[in-house]
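If you want the building blocks of each chain, they are given just below.
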Amino acid sequence: KIWIRTVTLGDIKHAEKTGETPNGNKKHLVRIPSKITRENCYSNAARALEYRESRILPTYGGRPWRIFCRINEPKNSHQKPPLFRWFNGELELAVLPHLLAKVPEEAAIEQKGKAKLEEVEEEDDEESSVTKLSLRDESQLSRVAWRDFDHQIPSFTTKWQ
């Protein structure tokens, strides 16, 4: 059984300090009433989408493309805000794996002129978390959030320069 509940600021601060999610091991999705906190989660998800997109684009005259992604929350007043989930003590957009699935796989793109991305041995924590987010697979929680008609699914726009 999957629970849907509203997360409080106290829950978020407790998770940041201890790394533990509220309600222990129960599978649950959460609603975030704070628009600022939702925007922070959208920002992390957008960076994961940018990372995924940057891995498949060919170079442009020997230089890599700059990619900007923005996640937009629909303005439908009849539906509740999108659902989020806890992962390793942090909140993330629950439908992120489904949004990542909309980005073509590297194998689907012709390899001619593809940028050679060197593996960086020492990534900072922010890059590492973006990389991990961009590799997120679908789960039971993400499928429930994707199919829930009571909650909105955000859209994303991508711009290449």
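Our structure's up above, just so we're on the same page.
About the thresholds
Residues numbered from 1 in each chain as written. Predicted model: local features only at pLDDT ≥ 70, side-chain atom pairs only at ≥ 80, totals over all residues. Heavy atoms only, no water. Helix = DSSP H or I, 4+ residues; strand = E, 2+ residues; numbered from the N terminus. Buried < 20%, exposed > 50% of the residue type's maximum accessible area, 1.4 Å probe, protein only. Contact = heavy atoms within 4.5 Å. Areas by Shrake-Rupley, 256 points an atom, 1.4 Å probe, with all protein chains shown as cover. Arc of directions from axis to C-beta. Core = buried A, V, L, I, M, F, W, Y, C linked by side-chain atoms within 4.5 Å. Pairing = 2+ DSSP bridges. Axes fitted to C-alpha atoms, helices over the stretch in contact; angles between N-to-C directions. Expected span 1.5 Å × (residues − 1). Phe/Tyr/Trp six-rings, centres within 6.5 Å; stacked < 30°, edge-to-face > 60°. Salt bridge = Lys/Arg side-chain N within 4 Å of Asp/Glu carboxyl O.

> Account for the overall build of the chain, naming residues and giving values.
A count of helical and extended segments in the chain gives 5 helices and 6 strands. Counted from the first residue to the last, the chain has its helices and strands arranged as β-α-β-α-β-β-β-α-α-α-β. Every one of the 161 residues in the chain was classed for burial, and the buried ones make up 36%. For the chain, the proportion of contacts with a sequence separation of at least 24, taken over those separated by at least 6, is 83%. Working note: accessible area of the chain is about 10400 Å², and carbon and sulfur atoms make up 50% of it.

> Account for helix α1 (residues 9-18), naming residues and giving values.
Since there are 3.6 residues in each turn of an α-helix, residues three or four apart along the chain are aligned in direction. Within α1, burial applies to Asp 11, Ile 12 and Ala 15. Along the axis of α1, the buried positions cluster into a sector of 100°, meaning they face one direction only. Facing away from the buried surface of α1 by more than 90 degrees, the exposed residues are Leu 9, Glu 16 and Lys 17. In this structure, the buried residues of α1 make contact with β1 (3-6), α2 (35-54), β4 (83-87) and β5 (90-93).

> Let's hear about the nonpolar core: which residues, and what values?
Counting 29 residues, the largest nonpolar core has Phe 84, Leu 91 and Leu 93 as its most contacted members. Every element with two or more residues in this core is listed here: α1, β2 (28-31), α2, β3 (67-72), β4, β5, α3 (96-100) and α5 (140-147). The greatest single-element share of this core, amounting to 6 residues, is contributed by α2. If sequence neighbours within four positions are ignored, Phe 84 has contacts with Leu 29, Val 30, Ile 32, Arg 38, Cys 41, Tyr 42, Leu 91, Glu 92, Leu 93 and Ala 94.

> Explain the sheet that holds β4 residue by residue, including any values.
Strands sit in the order β1-β2-β4-β5 across an open sheet of 4 strands; the sheet is mixed. In this open sheet, the two strands that pair with only one neighbour each are β1 and β5. Put simply, the sheet's adjacent strands are angled 40° from each other on average, direction ignored. Where β1 and β2 come together, 4 bridges link them in parallel fashion. Across the sheet, residue Arg 5 finds its bridge partner in β2, namely Val 30. Docked against the sheet, α1 engages β1, β4 and β5, running at close to 25° with respect to β4.

> Explain α2 to me, using residue names and the numbers behind them.
Between its first and last C-alpha, α2 extends 28 Å over 20 residues, near the 28 Å set by a 1.5 Å rise per residue. Listing the buried residues of α2 in full gives Thr 37, Arg 38, Cys 41, Tyr 42, Ala 45, Ala 46, Ala 48, Leu 49, Arg 52 and Glu 53.

> Got a sec to walk through the packing of aromatic side chains? Specific residues and values, please.
All chains considered together, the criterion is met by 1 aromatic pair. Taking 5.9 Å as the distance between ring centres and 40° as the angle between the ring planes, the aromatic pair formed by Tyr 42 and Phe 84 counts as tilted. You can see Tyr 42 sitting in helix α2 and its partner Phe 84 sitting in strand β4, a full 42 residues away along the chain.

> For the pattern of salt bridges, give the residues involved together with the corresponding values.
The final tally for this structure, using the stated rule, is 3 salt bridges. As a salt-bridge pair, Asp 11 and Arg 5 come within 3.0 Å of each other at their nearest N and O atoms. With a shortest N-O distance of 2.9 Å, Glu 73 and Arg 38 are connected by a salt bridge. Note that Glu 73 is positioned in the loop between β3 and β4 and Arg 38 in helix α2, a separation of 35 residues in sequence.

> I'd like to hear about the environment of Arg 136, residue by residue, with values.
Tracing the backbone shows Arg 136 in the loop between α4 (125-134) and α5. Using a relative accessible area of 15% as the deciding quantity, one classes Arg 136 as buried. Between the C-alpha atom of Arg 136 and that of Pro 97, which follows or precedes it by 39 residues, the distance is 5.7 Å. Apart from residues no more than four positions distant in its own chain, Arg 136 is found in contact with Arg 85, Phe 87, Glu 92, Pro 97 and Leu 100.

Shape is all these values report; function is a separate question.
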